[in-house]
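Take a look at the letters that make up each chain.
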Amino acid sequence: MELPWAEPYRIKMVESIARSTREQREEWIKRSKYNLFKLNSDEVFIDLLTDSGTGAMSDAQWAALMTGDESYAGSRSYRMLHKSVEEITGFPLLLPVHQGRAAENVLFSVLLKEDMVIPGNAHFDTTKGHIEMRRAHAVDCTIDEAYDIYDAHPFKGNIDLEKLERVYKEHDKERIPFCLITVTCNTSGGQPVSMENIRAVKELSDRYGVPVWFDAARYAENAYFIQQREEGYAEKSVREIVREMFSYGQGMTMSSKKDGLVNIGGFIALRDEEIYRAASNFTIIYEGYVTYGGMSGRDMAALAVGLQESAGEDYLETRIEQVRYLGEKLHEAGVPIQYPVGGHAVFVDATKFLPNVPKEEYIAQTLAIELYLEAGVRGVEIGTLLADRDPETRENRYPRLELLRLALPRRTYTNNHMDYVAAALIRVYERREEITKGYKIVYEPEILRHFSVELEKN
Ligand SMILES: *Cc1c(COP(=O)(O)O)cnc(C)c1O
């Protein structure tokens with residue numbers, strides 16, 4: 001008999017989570033204006049809102065925390081982080097910041113001006129926010145297969161080279177400060193980008209004189225997919241793959257709350273001294289001095305260790321296979337999910353799941369609320385609310401996909417939790433025909449509305 005698979009870790013510390021009744025949840029979600037971001041965390045049983053900053057640190061990270069050097073300048077923890085980042089990514093220059101969007105703010109303050117155009121593969125929402133706030137434009141060049149939720153393409157984060165070249169031909173080079181590759185592509189479903197595609201984007205961009213940057217929040221997960229799926233990489237280590245990926249870029253912005261395996265933090269890593277100097281000034285204004293940039297010494301120490309752990313093959317297998325485990329359970333029960341399953345989350349096709357809810361009534365949000373009411377499981381809408389309004393016309397932008405995302409915190413839940421989540425969603429699926437009404441907006445801010453929007457039942 002073949003031995004079954006088991007997690008390559010054991011648990012040293014536990015945190016209680018609370019169950020609740022449907023009546024309680026009905027009251028809590030109403031009080032929260034039907035926005036799951038407004039729930040108190042202890043009103044949630046299993047929290048799949050995000051994989052951002054919600055993972056568990058290892059004993060080695062907790063130990064590193066105690067060694068944190070809180071010196072304002074030249075901290076030993078900064079040097080430890082710098083060494084770790086350079087070893088993993090190959091980028092020699094480092095600016096720590098407090099999280100990923102701060103990296104965007106600092107970098108874009110240097111590189112972006114009004115009317116510029118930034119091509120890439122489905123920019124993340126804060127990235128788009130930082131671009132559009134500067135009256136510049138994010139152009140999505142993701143391959144069409146990404147928007148066919150059931151297409152079995154192994155790298156649905158890839159950039160369509162023809163779409164990219166069209167952008168390069170349509171605009172002066174001066175108006176295209178860089179091309180941004182997001183690995184894995186969060187917005188298209190945590191889908192990976194192949195090495196072949198990264199290389200091709202680099203070659204094309206070189207021909208037009210446009211530098212390539214990475215939005216690298218889940219670069220280790222992307223590297224794992226390359227190892228598992230791309231020809232010629234099965235024998236390479238994740239570390240080697242990560243090094244090759246980044247060799248094609250001028251630099252990266254990082255949300256350490258993802259593949260950094262810490263609860264807060266971010267950084268910019270890069271090669272160009274001039275950009276580093278200019279970005280240093282913005283770091284000092286917005287974040288803090290260049291050797292801490294909004295992070296404490298202890299957090300930098302934990303991150304230095306976390307980066308090494310997240311490139312570990314055992315860790316990545318456990319991580320990615322758990323996401324797939326949940327996806328397969330749902331798939332087997334007929335629940336329409338994005339397939340193949342991505343790296344950090346399972347994405348449920350809300351339009352197909354709830355055929356009787358009109359798109360003007362926020363289908364994916366409706367599904368997220370139903371799942372919460374059913375079992376206290378919190379997912380998140382990746383649909384019309386997230387897509388915001390068109391900055392010029394102020395009309396709703398209806399994205400091609402209305403998705404409910406179930407994002408899995410790293411090293412946090414067991415597969416029993418996954419079984420519970422799957423059973424809850426399958427129960428909602430069984431009564432899907434009865435769900436015919438969605439929600440309407442009673443308050444929303446100008447950008448990034450999904451965080452603070454307030455809704456009412458239709
Ligand atoms: C999370 C994320 C960001 C922003 O990072 P924060 O740490 O949340 O500010 C940017 N890009 C991608 C792809 C992300 O997943």
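Above this note sits the structure.
This text gives an overview of the structure that appears in the document. Predicted model, so just to flag it, every value in this text is computed and none were measured.

1. Section: the packing of helix H8 (residues 219-229) against helix H12 (residues 313-332)
Piece 1. Running from N to C, H8 and H12 cross one another at 90°; their axes reach a closest spacing of 10 Å. One element, H8, and the other, H12, form an angle in the roughly perpendicular class. For the pair H8 and H12, contact is made by Ala220, Glu221, Tyr224, Phe225 and Gln227 and by Glu313, Tyr315, Leu316, Glu317, Arg319, Ile320 and Glu321, respectively.
Piece 2. In terms of residue class, the contact of H8 with H12 is built from six nonpolar, one polar and five charged.

2. Structural notes on the nonpolar core
Piece 1. The biggest cluster of nonpolar side chains holds 58 residues, and the ones touching the most others in it are Ile181, Val183, Tyr219, Met245, Phe246, Met252 and Phe267.
Piece 2. Tallying contributions element by element places H8 first for this core, with six residues.
Piece 3. Excluding residues within four positions of it along the chain, Tyr219 makes contact with Ile88, Val183, Val242, Met245, Phe246, Met254, Asp259, Leu307 and Ser310.
Piece 4. Core analysis: the next-biggest nonpolar cluster, separate from the first, contains 49 residues, Ile363, Leu371, Tyr413 and Val428 among them.

3. Let's talk about the site of the ligand
Piece 1. Close to the ligand lie 14 residues; Gly100, Arg101, Asp215, Ser255 and Lys258 are nearest.
Piece 2. The separation between an oxygen atom of the ligand and a polar main-chain atom of Gly100 is 2.8 Å.
Piece 3. When the ligand is considered free in solution it has 370 Å² of accessible area, and contact with the protein chains removes 98% of it.
Piece 4. Looking at the shell around the ligand, its residues break down into two nonpolar, six polar and six charged.

4. Considering the packing of helix H3 (residues 76-89) against helix H9 (residues 238-247)
Piece 1. Two elements in contact, H3 and H9, have axes whose closest approach is 7 Å; the angle formed by their N-to-C orientations is 85°. For the element pair H3 / H9, the angle class is roughly perpendicular. Of the residues in H9, those touching H3 at Glu86, Glu87, Ile88 and Thr89 are Arg239, Val242, Arg243 and Phe246.

Thresholds applied
- Residues numbered from 1 in each chain as written.
- Predicted model: local features only at pLDDT ≥ 70, side-chain atom pairs only at ≥ 80, totals over all residues.
- Heavy atoms only, no water.
- Axes fitted to C-alpha atoms, helices over the stretch in contact; angles between N-to-C directions.
- Helix = DSSP H or I, 4+ residues; strand = E, 2+ residues; numbered from the N terminus.
- Parallel < 35°, antiparallel > 145°, perpendicular 65-115°, else oblique.
- Contact = heavy atoms within 4.5 Å.
- Nonpolar A, V, L, I, M, F, W, Y, C, P; charged D, E, K, R; others polar.
- Core = buried A, V, L, I, M, F, W, Y, C linked by side-chain atoms within 4.5 Å.
- Buried < 20%, exposed > 50% of the residue type's maximum accessible area, 1.4 Å probe, protein only.
- Near = heavy atom within 4 Å.
- Polar contact = N/O pair within 3.5 Å; in protein donor to acceptor, adjacent residues only side chain to side chain.
- Areas by Shrake-Rupley, 256 points an atom, 1.4 Å probe, with all protein chains shown as cover.

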